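# Observations on the model geometry
Here is how the chains run, residue by residue.
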Amino acid sequence: MIQNILLPLVLAFALVPSSQANAALNVITATEDLAAIAREIGGDKVKVESLARGYQDPHFVEAKPSFVLKLHRADLLIVIGRELEIGWLPPLITQSRNAKIQPGGQGYLDASLNAHILEIPTVQITRAMGDVHPLGNPHYWLSPENGRRIAQAMKQKFSELQPADAAVFAARYGDFDKRLAAAEQRWKAIIAPYTGVKVVTYHNSWPNFAVAFGINVVGFVEPKPGIPPSPSHTIALIQDMKRQNVKLILVEPYFDLKTPKRVAAGTDAQVLVMPPSVGGVEPVKTYFDLFDYDLKLLVDAIKQTGAR
Ligand SMILES: [Zn+2]
């Protein structure tokens, strides 16, 4: 009788080592863009989940208790870095009591270390001044070249943590790189007729996108990154947009449309809700979808408004 009860237990323990050896790497990412790229490189050899949703402002994510449990179980945490997540993620990492994923640990990957970062300040600025970009612009995933660099860092880290699957990660990276290069050509061709088109954006989320696709960002609805619109800044922005004949205002999905609409009314411009992240709007499910969606939205609006 006792033997009958114990036998399944014994079998279960006997199976643990081999099932662990074949287990997928448990990856938690700060944002959905990182998760999307991690899925491209990891395939079924990794299990990926993002903490932030793509329709949330990545600077200000509401921390849920479930995040701590997810971090506790993670083999690897991938962050955007450049202090993008400083307002919400560091205490959760501490609370996870997972030594592997602490900054500097083998299971902690800062994707910005391998990326091309724009707007690195030449003088020291602090968050106390209200600026949420003190270490350069953290929205760097919005250029395909940085997508490639992020993917490369993931390939290396996945292989380091799960060497048995290194060949799979290398092959998947090669395939991603090839598809991305083809897509880049397509994307650049779509926007090429409108090179230099002037836009205003709500938050300073788009410098890498602007450089990649020849878009001229001439101003922001926010007076400074992270600082809400003020009446005096809005008046100055309207005057500047009129002087420069700017017809497009791009707004990230998580911002209030009240001020952008007022600016649009004062300048005869069009407001576009443009997601800077995978998951920012329902149809954008992959890293490729993000550029397909945003560039189509932009080009359609350029044609409609005659923006230049
Ligand atoms: Zn920002």
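What you see is a predicted model, and the numbers here were worked out from it, not measured in a lab.

Across the 5 residues that make up strand β5 (residues 197-201), a large majority, 4, are buried. Judged from the 5 bridges that link them, β5 and strand β6 (residues 215-220) form a sheet pairing that is parallel. Looking at β6, one finds that V199 is bridged to V217. The handedness of the β5 to β6 crossover, carried by helix α7 (residues 207-213), is right-handed.

The protein atoms that coordinate the zinc ion are H59 (NE2), H133 (NE2), H139 (NE2) and H203 (NE2), at distances of 2.0 Å. Sequence spacing of the donors to the zinc ion: H-x73-H-x5-H-x63-H. Note that H59 is positioned in the loop between β2 (46-50) and α3 (65-73) and H133 in the loop between β4 (108-110) and α5 (144-161), a separation of 74 residues in sequence. For the pair shown, H59 and H133 are each scored as buried.

A few words on α5. Each full turn of the α-helix corresponds to 3.6 residues, which orients residues three or four apart in the same direction. Spanning 18 residues, α5 covers 26 Å between terminal C-alpha atoms, matching the ideal 26 Å at 1.5 Å per step. Along α5, the residues that are buried comprise P144, N146, G147, R148, I150, A151, A153, M154, K157, F158 and S159.

The next point concerns the packing of aromatic side chains. What the rule picks out here adds up to 13 aromatic pairs. Between W206 and F209, the ring centres sit 5.3 Å apart and the planes meet at 75°, which makes this aromatic pair edge-to-face. Classification of W206 as buried rests on a relative accessible area of 2%. Pairing F209 with F291 gives two aromatic rings, centres 6.3 Å apart and planes at 5°, and the pair type is stacked. Here the residue F209 occupies a position in helix α7, and F291 occupies one in helix α10 (residues 287-305), the gap between them amounting to 82 residues. Each member of the pair F209 and F291 is classed as buried. Here the aromatic cluster, defined as three or more aromatic residues joined through ring pairs, consists of F176, W187, W206, F209, F213, Y287, F288 and F291.

Attention shifts here to the sheet that holds strand β7 (residues 248-251). By definition, the strands of a sheet pair up through backbone hydrogen bonds, in either a parallel or an antiparallel sense. Strand order in the open sheet formed by 4 strands is β6-β5-β7-β8, and the pairing between neighbours is parallel. A strand with exactly one partner marks an edge of an open sheet, and here the two such strands are β6 and β8 (270-273). Neighbouring strand axes in the sheet, compared pairwise and without regard to direction, differ in orientation by 35° on average. Across 4 bridges, the pairing between β7 and β8 is parallel.

To continue, consider the sheet that holds β2. With parallel pairing, 4 strands are arranged side by side in an open sheet as β2-β1-β3-β4. Strands with a single pairing partner mark the edges of an open sheet, and in this sheet they are β2 and β4. The sheet shows a mean angle of 20° between the axes of neighbouring strands, direction not considered. As paired elements, strand β1 (residues 25-29) and β2 share 5 bridges and run parallel to each other. Following the sheet pairing, N26 is matched in β2 by K47.

Looking now at the packing of α5 against helix α6 (residues 166-191). One way to put it is that α5 packs onto α6 with a least axis distance of 10 Å and a crossing angle of 175°. One way to sum up the angle between α5 and α6 is to call them roughly antiparallel. On α6, the residues touching P144, E145, G147, R148, A151, Q152, K155, F158 and S159 of α5 are A166, F169, A170, Y173, F176, D177, L180, A181, E184 and W187. When its residues are assigned to classes, the contact of α5 with α6 shows 11 nonpolar, 3 polar and 5 charged.

To continue, consider α6. Between its first and last C-alpha, α6 extends 37 Å over 26 residues, near the 38 Å set by a 1.5 Å rise per residue. Within the span of α6, buried status applies to F169, Y173, F176, L180, A183, E184, W187 and I191. In the core, the buried residues of α6 are packed alongside α2 (32-42), β2, α5, α7 and α10.

Cut-off values and rules
- Residues numbered from 1 in each chain as written.
- Predicted model: local features only at pLDDT ≥ 70, side-chain atom pairs only at ≥ 80, totals over all residues.
- Heavy atoms only, no water.
- Buried < 20%, exposed > 50% of the residue type's maximum accessible area, 1.4 Å probe, protein only.
- Helix = DSSP H or I, 4+ residues; strand = E, 2+ residues; numbered from the N terminus.
- Pairing = 2+ DSSP bridges.
- Right-handed = clockwise from strand over helix to strand, strands pointing away.
- Donors = N, O, S within 2.8 Å, 3.2 Å for Na, K, Ca; no water.
- Expected span 1.5 Å × (residues − 1).
- Phe/Tyr/Trp six-rings, centres within 6.5 Å; stacked < 30°, edge-to-face > 60°.
- Axes fitted to C-alpha atoms, helices over the stretch in contact; angles between N-to-C directions.
- Parallel < 35°, antiparallel > 145°, perpendicular 65-115°, else oblique.
- Contact = heavy atoms within 4.5 Å.
- Nonpolar A, V, L, I, M, F, W, Y, C, P; charged D, E, K, R; others polar.

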